[in-house]
Amino acid sequence: MCAKITGSEPGLVYSVLTNKCPRCRQGNLFTNPNPYNFKITMRMPEHCPVCGQQYELQTGFFFGTGYVSYGLSVALIGFIFIAWTLTVGLSYKDNSIFWCLGVAAATTLLLQPVLQRLSRSIWIAFFVRYDSTFVNSTKTT
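Bear in mind the structure is a predicted one, so any value in this text is a computation, not a measurement. (Residues numbered from 1 in each chain as written. Predicted model: local features only at pLDDT ≥ 70, side-chain atom pairs only at ≥ 80, totals over all residues. Heavy atoms only, no water.)

Right, let's talk about a nonpolar patch on the surface for a bit. A grouping of Y36, F38, L111 and V114 is seen on the molecular surface, where their side chains present a nonpolar patch of about 370 Å² in accessible area. Along the chain, the position of F38 falls in the loop between α1 (12-17) and α2 (65-87). The exposed category is assigned to F38, whose relative accessible area is 62%. (Patch = residues over 30% accessible without salt bridge, like charges linked within 9 Å, V, L, I, M, F, W, Y side chains within 5 Å. Areas by Shrake-Rupley, 256 points an atom, 1.4 Å probe, with all protein chains shown as cover. Salt bridge = Lys/Arg side-chain N within 4 Å of Asp/Glu carboxyl O. Helix = DSSP H or I, 4+ residues; strand = E, 2+ residues; numbered from the N terminus. Buried < 20%, exposed > 50% of the residue type's maximum accessible area, 1.4 Å probe, protein only.)

A word on the side chain of T41. Among the secondary structure elements, T41 is positioned in the loop between α1 and α2. Assessed through its relative accessible area of 6%, T41 is described here as buried. Here P35 takes part through its backbone oxygen, which lies 3.0 Å from a polar atom of the side chain of T41. One polar contact links the side chain of T41 to the main-chain carbonyl oxygen of N37, over a distance of 2.9 Å. Those residues within four positions of T41 in sequence are excluded, and the remaining contacts are F30, P35, Y36, P113 and R117. (Polar contact = N/O pair within 3.5 Å; in protein donor to acceptor, adjacent residues only side chain to side chain. Contact = heavy atoms within 4.5 Å.)

A word on helix α3 (residues 96-110). For α3, built from 15 residues, the straight-helix expectation of 21 Å at 1.5 Å per residue is met to within 8% by its first-to-last C-alpha distance of 21 Å. Taken together, the buried positions of α3 are occupied by S96, C100, A104 and T108. The buried residues of α3 occupy an angular sector of 100° when projected down its axis, which confines them to one face. α3 presents F98, W99, L109 and L110 as exposed residues on the side facing more than 90 degrees away from its buried surface. (Expected span 1.5 Å × (residues − 1). Arc of directions from axis to C-beta.)

A separate point is the packing of α2 against α3. As a packed pair, α2 and α3 sit with axes 10 Å apart at the nearest point and diverge in direction by 145°. The two elements α2 and α3 cross, and the hand of that crossing is right-handed. Contact with α2, carried on its side by S73, L76, I77, I80, F81 and W84, involves S96, I97, W99, C100, L101, V103, A104, T107 and T108 of α3 and no other residues of that element. Taken together, the residues of the contact of α2 with α3 break down into 11 nonpolar, 4 polar and no charged. (Axes fitted to C-alpha atoms, helices over the stretch in contact; angles between N-to-C directions. Left-handed = near helix turned anticlockwise from the far one by under 90°. Nonpolar A, V, L, I, M, F, W, Y, C, P; charged D, E, K, R; others polar.)

Here we take up the packing of aromatic side chains. Per the counting criterion, the structure on display carries 6 aromatic pairs. Considering the side-chain rings of F61 and F62, the 4.9 Å spacing of their centres and the 75° angle between planes classify their relative orientation as edge-to-face. Judged by its relative accessible area of 7%, F61 is buried. Here a set of aromatic residues connected by ring pairs shows up, and it is made of F61, F62, W123, F126 and F127. Directly above the ring of F30 sits R117, whose terminal nitrogen or CZ lies 4.4 Å from the centroid. The positively charged end of R120 is found above the aromatic ring belonging to F62, 4.7 Å away from the centroid. (Phe/Tyr/Trp six-rings, centres within 6.5 Å; stacked < 30°, edge-to-face > 60°. Lys NZ or Arg CZ within 6 Å of the ring centre and 35° of its normal.)

Along the chain, the position of Q112 falls in helix α4 (residues 112-127). The partly exposed category is assigned to Q112, whose relative accessible area is 22%. C-alpha of Q112 to C-alpha of S73: the two residues are 39 residues apart in sequence and 8.2 Å apart in space. When sequence neighbours within four positions are dropped, the list of residues in contact with Q112 reads S69 and S73.

C21, L29, M44, C48, Y55, F62 and I124 are the most contacted members of the largest nonpolar core, which has 14 residues in total. In terms of nonpolar packing, the next biggest core, distinct from the first, is built from 6 residues, L76, W84, A104 and L115 among them. (Core = buried A, V, L, I, M, F, W, Y, C linked by side-chain atoms within 4.5 Å.)

This is the structure in structure tokens:
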């Protein structure tokens, strides 16, 4: 007999931000919840442990996440520049623009593991939709 999940639909934004399976929005996309464990940062199971959804839909599926990660990084740097301009101000005369650039670069570098995981979560959510009536095809109960 196959398993079926019942209940209310979890939110898309919440499931993307918490790196959950886009089909059931319950299973974890990554084997380890810590993005700063660099040896296994991007390790994913082949299938969702809850609904059985295959994560890599085709060979090289996650190569497209580079574009999403780039967009997230540019948005983060843009946000930092806007926040810096509104709070401190930007000027080359007092070197504040260089300080802002340094803070933006350091922040983007430090958040890169989180941005990479988030980009994978966003990318797979583009192609796999939530299904409240899914049936687990890999596990039997």
